[in-house]
Amino acid sequence: MSDIFRNILSHQEVAAIWSDAGRTSFYLEFERALALVQADLGIIPREAADAIADFCSDVSNVDFEDLRVQTEKIGYPVLGLIKQIVHHVNAKAPGYGEWAHWGATTQDVTDTATVLQLRQTVDIITSSLDAIIINLRNLADIYKATPMAARSNLQQAVPITFGFKLARLLCTFQRHHERLLQLKHRLFVLQFGGAAGTLATLPADKALKCQAALAQALKLAPPEIAWHTERDRFAELAGFFALLTGTCAKFALDTKLLMQSEIGEVSEPFYEHRGSSSTMPQKRNPISCAYVSAIATAVRQHATAICEAMVADHERSTGPWEVEWIILPEICTLSGAALKHTQELVAGLQVHPEAMMKNLNITKGGIVAEAVMMGLAPQIGRQVAHDVVYELCRQSAEKNVDLLHLLRADERVMSGGLSVEQLEQLCDPKNYLGLSVEMVERVLGYQ
């Protein structure tokens, strides 16, 4: 990742998890735990396990340049790492190193390390998601009764409240939180089965006990059966990231649109020169929103690639597995970045209620046309009322005249029995918010 863009298009804590040192430390964690539980079960000598565990306890023991050379030569990093473990342990205690990696295969180590990386990644994502939810709850509560225009096909529709708009977003993020909790038990699962997943190299009476003990040591669930080429676990998480960042992008899109000069109802958090133009000094571009939109697009494309990796041949695949090596680090760092930007946007969002009210009035009453139609409908019929109000709305737009003025001057409207005061009430956008406030309070748990 570019040094210039690494704090924009990536997430440094997540990136550290997926770095060479981060990944290798999880390989070592697997090998350490495997040796110790196998010693407990009498599968390998205790002295050998302790020596292996000692080397695996510190990632700085690894010669990363040698590991790079061996990975380029072999094609996978695990065997090169095992060679280092064996060499260093044998140098201190001859023969003990030979007990390393007992009964395991490369993919057992790699998949389990990936699960451990994903667990740490999910912890960071969860923290950001929780912060977004908390801040959205606060904003929805503050602005639950603040009138604004709903938009349909980018046109003003009917009045709602800004809190109502935010509460819908809040509910979506809460559903994502629920999804994340639900997928954890399917994702945080050990991979340990040996060459083809049957644990054939371990004593039959101890193999499953070893698997269960290893899972417990790593705080993972034991697998029902090997999943070397059943990749739905990672595909599910990739799909979740696509959904989650898609919601971030929806919020970013709405914010961009509401930041347009002609609308100006919200603004991104401000600090000097943020979103500045190199040639137009007046500009304040929605730069965080732009990044969220771009990142979310990349995440959706990456999710597709992870789904492609599900099509894996037989018991150990030739190629699809390596797709995950490329994509999972990127989809995790990108998702972390999207959540970080969204968290900052929500926490510092600047809201302009006066602009919302101003925009409610730009159609000169057109935004409450539905309210007027439904007010007239019991007297003159719904379709007749629709056609009358439609005609008057066109006149209002063409003549730049308030709809209320035209309603009061129309015999068809006045013959319907509504008083001038009733028409005035119908034409006030603040009186046509529906159950916006009540629905926000229901989302917030006030009801």
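Refer to the structure above for everything that follows.
Note that the coordinates shown come from a computational prediction; the quantities given were computed from them, not determined experimentally.

Student: How do you make sense of the overall build of the chain when you look at a structure like this?
Tutor: A count of helical and extended segments in the chain gives 18 helices and 4 strands. Considered along the principal axes of its C-alpha atoms, the chain spans approximately 105 × 50 × 40 Å. Residue burial in the chain is summarised as follows: out of 447 residues, 48% are buried. Considering only residue pairs separated by 6 or more positions, the chain has 74% of its internal contacts joining residues 24 or more positions apart. A total of about 21300 Å² of accessible surface is found on the chain, and carbon and sulfur atoms cover 54% of it.

Student: Which parts of the structure should I look at to understand the pattern of salt bridges?
Tutor: Pairing of side chains with opposite charge becomes possible as their charged atoms draw close. Counting across every chain of the model gives 17 salt bridges. Salt-bridge contacts for Lys165 lead to Asp254; the nearest nitrogen and oxygen are separated by 3.4 Å. One end of the pair, Lys165, is in helix α7 (residues 162–187); the other, Asp254, is in helix α9 (residues 232–258), and 89 residues separate them in sequence. For Glu324, the salt bridge identified is with Arg231, shortest N-O distance 2.7 Å. With Glu324 in helix α11 (residues 320–348) and Arg231 in the loop between α8 (207–217) and α9, this pair connects stretches of sequence that are 93 residues apart. Side by side, Glu324 and Arg231 carry an identical accessibility label, which is buried.

Student: Looking at this structure, how should I read the environment of Asp254?
Tutor: Asp254 gets classed as buried once you look at its relative accessible area, which sits at 15%. Distance in space between the C-alpha atoms of Asp254 and Thr172 is 15 Å, their sequence separation being 82 residues.

Student: Would you mind showing me how to read the nonpolar core here?
Tutor: Burial of nonpolar side chains together is a common tendency in soluble globular proteins. One finds Phe30, Ile85, Phe162, Phe173, Phe192, Leu214 and Ile331 to be the most contacted residues of the largest nonpolar core, which totals 106 residues. Top contributing element to this core by residue count: helix α6 (residues 106–142), with 14 residues. Contacts of Ile331, omitting those with residues within four sequence positions, involve Ala238, Phe241, Val299, His302 and Ala303. Core analysis: the second largest hydrophobic core is formed by 21 residues, Val368, Cys393, Leu406 and Leu418 among them.

Student: Would you mind going over helix α3 (residues 46–56) with me for this structure?
Tutor: Residue pairs three or four apart in sequence face the same way in an α-helix, which turns once every 3.6 residues. Every buried residue of α3 is accounted for by Ala48, Ala49, Ile52, Ala53, Phe55 and Cys56. Along the axis of α3, the buried positions cluster into a sector of 160°, meaning they face one direction only. Packed against the buried residues of α3 are α2 (20–40) and α5 (77–92).

Student: What am I meant to see in unusual backbone geometry here?
Tutor: The phi dihedral of His101 is positive, around 65°, even though this residue is not glycine. Relative to the helices and strands, His101 is located in the loop between α5 and α6. Owing to a relative accessible area of 17%, His101 belongs among the buried residues under this scheme. At Leu199, a residue that is not glycine, the phi angle is positive and equals roughly 60°.

Student: Just checking my understanding: could you explain helix α13 (residues 369–380) for this structure?
Tutor: Its 12 residues give α13 an end-to-end C-alpha distance of 15 Å, which sits within 8% of 16 Å, the value for a rise of 1.5 Å per residue. All buried positions along α13 are accounted for by Ala369, Ala371, Val372, Met373, Gly375, Leu376 and Ala377. Where α13 is buried, its residues contact α14 (382–399), α15 (403–409), α16 (411–414) and α17 (420–426). Two residues or fewer after α13 comes Gly381, characterised by a positive phi angle close to 100°.

Student: Sorry if this is basic, but what is going on with the side chain of Thr161 here?
Tutor: Within the fold, Thr161 resides in strand β2 (residues 155–161). Residue class for Thr161 comes out buried when judged on its relative accessible area of 0%. In terms of polar contacts, Thr161 uses its side chain to reach the backbone amide nitrogen of Phe164, at 3.0 Å. Here Thr161 is in contact with Tyr143, Lys144, Ala145, Thr146, Pro147, Met148, Leu433, Ser436 and Val440, once residues within four sequence places are set aside.

Student: Before we go on, may I ask you to explain the packing of α7 against α9 in this structure?
Tutor: The geometry of a pair of packed helices is captured by two quantities: the angle between their axes and the separation between those axes. Across the interface, α7 lies against α9 with an axial gap of 10 Å and an inter-helix angle of 165°. The angle between α7 and α9 places the two elements in the roughly antiparallel class. For the pair α7 and α9, the sense of crossing is left-handed. Of the residues in α9, those in contact with Lys165, Leu169, Thr172, Phe173, His176, Arg179, Leu180, Leu183, Arg186 and Leu187 of α7 are Arg233, Phe234, Glu236, Leu237, Phe240, Leu243, Leu244, Thr247, Cys248, Phe251, Asp254 and Leu258.

Student: Would you mind showing me how to read the side chain of Asn90 here?
Tutor: If you trace the backbone, Asn90 turns up in helix α5. Here Gly95 takes part through its backbone nitrogen, which lies 3.0 Å from a polar atom of the side chain of Asn90. In this view, Asn90 contacts Gly95, Tyr96, Gly97 and Glu98; residues no more than four positions away in its chain are not counted.

Student: Help me understand the packing of α6 against α7 in this model?
Tutor: Remark: α6 packs on α7, axes separated minimally by 9 Å, with the N-to-C direction vectors making an angle of 160°. The angle between α6 and α7 falls in the class roughly antiparallel. For α6 against α7, the interelement crossing comes out left-handed. Contacts from Val115, Leu118, Val122, Thr126, Leu129, Asp130, Ile132, Ile133, Leu136, Arg137, Leu139 and Ala140 in α6 reach Gly163, Leu166, Ala167, Leu169, Leu170, Phe173, Gln174, His176, His177, Leu180, Lys184 and Leu187 in α7. Its residues assigned to classes, the contact of α6 with α7 comprises 16 nonpolar, 5 polar and 3 charged.

Student: Quick question: what am I supposed to make of the packing of aromatic side chains here?
Tutor: The tally for this structure, following the rule as stated, stands at 8 aromatic pairs. A ring pair is formed by Phe240 and Phe241, whose centres lie 6.0 Å apart and whose planes are at 50°; its orientation type is tilted. In this structure, Phe240 and Phe241 share a single accessibility class: buried. A cation over an aromatic ring shows up here: Arg233 above the ring of Trp227, its NZ or CZ 4.9 Å from the ring centre. Stacked on the ring of Tyr390, the Lys or Arg Arg394 has its end atom at 5.0 Å from the ring centre.

Thresholds, definitions, all that
- Residues numbered from 1 in each chain as written.
- Predicted model: local features only at pLDDT ≥ 70, side-chain atom pairs only at ≥ 80, totals over all residues.
- Heavy atoms only, no water.
- Helix = DSSP H or I, 4+ residues; strand = E, 2+ residues; numbered from the N terminus.
- Buried < 20%, exposed > 50% of the residue type's maximum accessible area, 1.4 Å probe, protein only.
- Contact = heavy atoms within 4.5 Å.
- Areas by Shrake-Rupley, 256 points an atom, 1.4 Å probe, with all protein chains shown as cover.
- Salt bridge = Lys/Arg side-chain N within 4 Å of Asp/Glu carboxyl O.
- Core = buried A, V, L, I, M, F, W, Y, C linked by side-chain atoms within 4.5 Å.
- Arc of directions from axis to C-beta.
- Expected span 1.5 Å × (residues − 1).
- Polar contact = N/O pair within 3.5 Å; in protein donor to acceptor, adjacent residues only side chain to side chain.
- Axes fitted to C-alpha atoms, helices over the stretch in contact; angles between N-to-C directions.
- Parallel < 35°, antiparallel > 145°, perpendicular 65-115°, else oblique.
- Left-handed = near helix turned anticlockwise from the far one by under 90°.
- Nonpolar A, V, L, I, M, F, W, Y, C, P; charged D, E, K, R; others polar.
- Phe/Tyr/Trp six-rings, centres within 6.5 Å; stacked < 30°, edge-to-face > 60°.
- Lys NZ or Arg CZ within 6 Å of the ring centre and 35° of its normal.

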